[in-house]
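Now for the letters of each chain:
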Amino acid sequence: MCGIIGYIGNRQVSNVLINGLKRLEYRGYDSAGLCILENGNLEILKKAGKVYELEKLINHQQYTSTIGIAHTRWATHGEPNDINAHPHTDCNSKIAIVHNGIIENYFSIKKQLQAKGFTFKSETDTEVLAVLIGAIYEKCQNLEIAVRTALSEVTGTFGLLVLSSYEPDKIIAARRGSPLVLGISKNEFIISSDATAIIQYTSQVVYLSDNEIAIVTNNQFTTKTMNNQETKSIIHKLDLNLEQLEKNGFEHFMLKEIYEQPNTLNDAFRGRLLVDEGTIKLGGLRSVYDKFRNVRRLILTACGTSWHSALVGEYLIEHLAQIPVEVEYASEFRYRNPIIYPDDIVIAISQSGETADTLAAVNEAKNKGATVLGIVNVVGSSIARATDAGIYIHAGPEIGVASTKAFTSQLAVLTMLAIMLGRMRNLSAIEAKKIINELANIPDKLKKILENAEHIKAIAKKYCKSSNFLYLGRGYNFPVALEGALKLKEISYIHAEGYPAAEMKHGPIALIDENMPVVFIATQDEIYEKILSNIEEVRARKGKVIAIATEEDEVIKNYANELIYIPKTLPMLTPILAVVPLQLMAYYISVELGCNVDQPRNLAKSVTVE
Ligand code: G6P
């Protein structure tokens, strides 16, 4: 969370910074600010609200500067107002910083600095770091030394950019725990929290490592450890294009991403489905095949939507490969001293590859000797780089804060993994072929659901004024119920709960009355009859039933107030299809209520703080 960008080169910097912030805005949108060096002085503009508000401030200014830093904020310390917005400066207003992360010991450092007479304007942890750098600079008169020394005194996480009128020819960047990418072009450099703000200028990038610092001037850059040892940088080529970052005619990124799913699923499958051999090829796992043969237990760890896909993964892997699986919230896993055996494999699932809790869980599992793998979307992200091996889901950039296409691609990858593991054990080639063939049909079946969007929109309109929703499913569809409820609350602010359908009678049933819409994922599988009984229980209490059902199911018509059909498939593949109407329903309800679909309040796409 929080996006930062810095530029040094020959372009008019305020435009570069504003364009970059717009790309990074999905990371946080509580406030935005920038600092440029104009005629040797630091010029700072910052404003609560979206980047658009900052842009309005700049519009009538005629800046010529070609060096600057900027920030879009997701508030952690201090409310999202103008004063708490970044950049923050030292007491002399000669050193400005933008920061993504949290300085955990800010309070004690602040007290020490206040005792020495330093004063503060904001409530943020970041300002403490700026003032500390300034205090050290007063003694050593060297910006790089001041930054390195200050960073050795702080605990916590940072992706940091520093600009100073003392040494106006450079930007200093530093990273611990929060990502930073350095884009390299001819006589210009762009440093950003992620590559989406860079691709417009260059596809050549260096990913800074943890505890690395970069000193960037107009025509060169040097990377070092915090202890002043020079490090060797590897230049990577970005596999990203600008079109992927645009809405391409859709009203919102979320809608575009929902409609991309037939393609993104095909991208996840490409080259991996070996139909004739009845198996799956996952090249990224080649180095750990032997570990999989001997694995005693798998632990899947993730947050948010990715945690829901982990739950489906548990069902899939236990079903097809008969390997015990545990699913852990990354935030719990990292702090509860989990028992991990050397022959355990831990798999972290993350769209962004930057979620702080998931990254910390990866490090915890590594420290305990497990083999740690990643199922990640963003190539080159921190989790992708911290894991021993992994599988990219290849869903392309996901910009809408509510995850959609990443979820279905994660499910596709987990299904392939389960088949691969099953084939290493007792799954027959014939059975595997049947599943793989059906997997290959899923993108076309998903297209059919999208063709039904108008019907789903009408249902959304009818129920959008409800204050609460319940989502119920069983077996493979239980995690889908959780994901459906999460989608709705994220973007429409309607209270929604997902539950295993049979658990309803142990509590949530008390909530049901004629005002409660209950969404049942009631596809035809071995427990279909049971879910019909659960529907009856809701109907008996006058709840309104919205059913996601298998096409041609006539029986369900007698049970549901509203019916959304999805194509028939294997029960284990149902989640990939069943979630799509729920994504669309949440989307249309959000639009109907006039909410900000792509940037819902209080949320951020990439949660890089604990
Ligand atoms: C945030 C996002 C969610 C996402 C979760 C985990 O809360 O808003 O959409 O599911 O983080 O993110 P990850 O990138 O690790 O999958």
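Residues numbered from 1 in each chain as written. Predicted model: local features only at pLDDT ≥ 70, side-chain atom pairs only at ≥ 80, totals over all residues. Heavy atoms only, no water.

Some remarks on the packing of helix α16 (residues 478-492) against helix α18 (residues 574-592)
Running from N to C, α16 and α18 cross one another at 20°; their axes reach a closest spacing of 9 Å. In terms of their interaxial angle, α16 and α18 are classed as roughly parallel. Every pair of crossing elements has a handedness; the one defined by α16 and α18 is right-handed. Each of Val480, Glu483, Gly484, Lys487, Leu488, Ile491 and Ser492 in α16 lies in contact with α18, whose residues at this interface are Pro575, Ala578, Val579, Leu582, Ala586, Tyr587, Ile589 and Ser590. For the contact of α16 with α18, the residue count by class is ten nonpolar, three polar and two charged. (Axes fitted to C-alpha atoms, helices over the stretch in contact; angles between N-to-C directions. Helix = DSSP H or I, 4+ residues; strand = E, 2+ residues; numbered from the N terminus. Parallel < 35°, antiparallel > 145°, perpendicular 65-115°, else oblique. Left-handed = near helix turned anticlockwise from the far one by under 90°. Contact = heavy atoms within 4.5 Å. Nonpolar A, V, L, I, M, F, W, Y, C, P; charged D, E, K, R; others polar.)

Regarding the site of the ligand
Contacts to the ligand come from 14 residues, most closely from Ser306, Ser350, Gln351, Ser352 and Thr355. The separation between an oxygen atom of the ligand and a polar side-chain atom of Ser350 is 2.6 Å. Interatomic distance of 2.6 Å between a side-chain N/O atom of Ser352 and an oxygen atom of the ligand. Within the complex, the protein chains bury 91% of what would otherwise be the 380 Å² of accessible surface of the ligand. Here the element with the most residues in the shell around the ligand is helix α9 (residues 304-321); it accounts for three residues. (Near = heavy atom within 4 Å. Polar contact = N/O pair within 3.5 Å; in protein donor to acceptor, adjacent residues only side chain to side chain. Areas by Shrake-Rupley, 256 points an atom, 1.4 Å probe, with all protein chains shown as cover.)

As for the packing of α9 against α16
Helix packing for two helices is described by the angle between their axes and how far apart those axes are. Running from N to C, α9 and α16 point in directions that differ by 170°, and their axes come no closer than 9 Å. As the angle between them shows, α9 and α16 are arranged roughly antiparallel. In this structure, α9 contributes Gly304, Thr305, Trp307, His308, Leu311, Val312 and Tyr315 to the contact, and α16 contributes Phe478, Pro479, Leu482, Glu483, Leu486 and Lys487. A class-by-class count of the residues in the contact of α9 with α16 yields eight nonpolar, three polar and two charged.

Quick notes on the sheet that holds strand β5 (residues 88-89)
As summarised here, the arrangement of the six strands in space is β5-β6-β7-β8-β12-β13, forming an open sheet in which the pairing is antiparallel. Each edge of the sheet is formed by a strand with only one pairing partner; in this case those strands are β5 and β13 (221-225). Pairing geometry for strand β6 (residues 95-100) and strand β7 (residues 158-164), over six bridges, is antiparallel. Across the sheet, residue Ile97 finds its bridge partner in β7, namely Val162. Across the sheet, helix α4 (residues 125-140) is in contact with β5, β6 and β7; its angle to β6 comes to roughly 140°. (Pairing = 2+ DSSP bridges.)

Considerations on the pairing of strand β24 (residues 517-521)
With five of five residues buried, β24 lies mostly within the body of the structure. With burial as the criterion, each face of β24 is covered, one bearing Pro517, Val519 and Ile521 and the other bearing Val518 and Phe520. One ladder, built from five bridges, connects β24 with strand β25 (residues 544-550); its direction is parallel. Each residue of the ladder has a partner; that of Ile521, found in β25, is Ile548. In this fold, β24 hands off to helix α17 (residues 528-540), which returns the chain to β25; that crossover is right-handed. (Buried < 20%, exposed > 50% of the residue type's maximum accessible area, 1.4 Å probe, protein only. Right-handed = clockwise from strand over helix to strand, strands pointing away.)

As for the domain arrangement of the protein
Taken domain by domain, the protein comprises domain 1 (3-243), domain 2 (247-446) and domain 3 (452-599). Of note, the centres of domain 1 and domain 3, computed from C-alpha atoms alone, are 44 Å apart. (Domains from an automatic or database assignment.)

Some details on the environment of Asp194
Within the secondary structure layout, Asp194 lies in the loop between β10 (188-192) and β11 (204-207). The spatial distance from the C-alpha of Asp194 to the C-alpha of Asp357 is 18 Å, given a sequence separation of 163 residues. Aside from chain neighbours lying at most four places away, what touches Asp194 is Leu24, Tyr26, Arg27 and Val181.

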